[in-house]
Amino acid sequence: EPEVTQTPSHQVTQMGQEVILRCVPISNHLYFYWYRQILGQKVEFLVSFYNNEISEKSEIFDDQFSVERPDGSNFTLKIRSTKLEDSAMYFCASAREQGTYEQYFGPGTRLTVT
Amino acid sequence: DAKTTQPTSMDCAEGRAANLPCNHSTISGNEYVYWYRQIHSQGPQYIIHGLKNNETNEMASLIITEDRKSSTLILPHATLRDTAVYYCIAFNDYKLSFGAGTTVTVRA
């Protein structure tokens, strides 16, 4: 069964450094998402992406964040200058279509900012 | 998206059916009821969704009341691997709004 994959599984970085989290969505999916979950808290929506542009973003997704689909398979989340409070699990998800179609989530990348 | 209310936690015996309730009294006519679960620290996993009719798939059944103000997710034969946080979400848009969910513990 096709699945969403994410790399790395765990990333440790120092405050102020840039990080890039990578995702490979399911191949015939057209909609891509990033969510995050701070330890012990709820899963929060960050951004949705379709047709090579951001379609929606939350207030969490400020100028420090960016997303890109550099080629036909990868979908990346970049945090320009990490803060301690960016420490969280970051989940990528993809969906065949938007609206009432299930989103499939990857296993997540645990980001630890020291 | 409409707010949903779920019990904080529940226990279930292995091999028995687990019935997970969800209230969504403000759900609008075009919002679907989605269920996801999250096994410890893993990515959320889609279970099932429905609009008005009851639905069944290989994982679970979803019973939606006629007035659509509440629903029940049924895991027919719970196993230890079903221990997870279960989220009920009213959704018709681009983002899934996860609440705190119900922590289900299946006991041997």
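The rules behind each value
Residues numbered from 1 in each chain as written. Chains lettered and ligands numbered in written order. Predicted model: local features only at pLDDT ≥ 70, side-chain atom pairs only at ≥ 80, totals over all residues. Heavy atoms only, no water. Helix = DSSP H or I, 4+ residues; strand = E, 2+ residues; numbered from the N terminus. Polar contact = N/O pair within 3.5 Å; in protein donor to acceptor, adjacent residues only side chain to side chain. Buried < 20%, exposed > 50% of the residue type's maximum accessible area, 1.4 Å probe, protein only. Contact = heavy atoms within 4.5 Å. Buried area = accessible area lost by both parts, 1.4 Å probe. Salt bridge = Lys/Arg side-chain N within 4 Å of Asp/Glu carboxyl O. Nonpolar A, V, L, I, M, F, W, Y, C, P; charged D, E, K, R; others polar. Pairing = 2+ DSSP bridges. Axes fitted to C-alpha atoms, helices over the stretch in contact; angles between N-to-C directions. 1 Å grid on protein atoms, 1.4 Å probe; cavity = no way out; pocket = protein on both sides within 12 Å on 5 of 7 lines; lining within 4 Å. Points joined across faces, edges and corners; volume = space filled by probe spheres on them.

(A) Examining the side chain of Gln38(B) more closely. By secondary structure assignment, the location of Gln38(B) is in strand E3 (residues 32–38). Side chain to side chain, Gln38(B) and Tyr87(B) meet in a polar contact 3.0 Å long.

(B) Main features of the side chain of Ser94(A). Residues and elements named next belong to chain A. In this structure, serine 94 sits in strand E9 (residues 88–95). The exposure class of serine 94 is buried, given its relative accessible area of 0%. Reaching out from serine 94, the side chain makes a polar contact with the backbone nitrogen of isoleucine 26 at a distance of 3.4 Å. For serine 94, the residues in contact, after removing those within four places along its chain, are Val4, Pro25, Ile26, His29, Tyr31, Phe32, Tyr33, Glu102, Gln103 and Tyr104.

(C) Layout of the interface of chain A and chain B. Each partner contributes residues to the interface: chain A has 20 residues there, and chain B has 20 residues. Where chain A abuts chain B, roughly 1600 Å² becomes buried across the two surfaces, and 60% of that area is made up of carbon and sulfur atoms. There are zero salt bridges connecting chain A and chain B. The interface formed by chain A and chain B contains three residue pairs in polar contact (both at pLDDT 80 or more). Looking at the side of chain A that touches chain B, the elements that each hand over two or more residues are strand E4 (31–37), strand E5 (43–50) and E9 of chain A. Grouping the amino acids of the side of chain A that touches chain B by side-chain chemistry returns nine nonpolar, seven polar and four charged.

(D) Just the sheet that holds strand E8 (residues 84–91) of chain B, in detail. Residues and elements named next belong to chain B. Here five strands make up an open sheet; going across it, the order is E1-E9-E8-E3-E4 and the pairing mixed. Two strands bound the open sheet, and with one partner strand each, they are strand E1 (9–13) and strand E4 (45–50). Across the sheet, the mean angle from the axis of one strand to that of its neighbour is 25°, orientation sign disregarded.

(E) Inspection of the pattern of salt bridges at higher detail. All names here are of chain A. Enumeration according to the criterion identifies three salt bridges over all chains in this entry. The salt bridge partner of arginine 36 is glutamate 44, with a shortest N-O separation of 3.2 Å. The class of arginine 36 is buried, set by a relative accessible area of 10%. You can call glutamate 44 partly exposed: its relative accessible area is 25%.

(F) Quick look at the layout of surface pockets. Taken as a whole, the largest pocket encloses approximately 560 Å³ of empty space. Looking at the lining of the largest pocket, the elements with two or more residues in it are strand E10 (104–105) of chain A together with E3 and E4 of chain B. For the lining of the largest pocket, the class distribution of residues is 11 nonpolar, seven polar and four charged. Estimates place the volume of the second largest pocket at around 430 Å³.

(G) How the structure looks around the sheet that holds strand E2 (residues 18–23) of chain B. Residues and elements named next belong to chain B. Here four strands make up an open sheet; going across it, the order is E2-E7-E6-E5 and the pairing antiparallel. Of all the strands in the sheet, just E2 and strand E5 (55–56) have a single pairing partner and so form its edges. Pairing geometry for E5 and strand E6 (residues 61–64), over two bridges, is antiparallel. What sits directly across from threonine 56, in E6, is serine 61.

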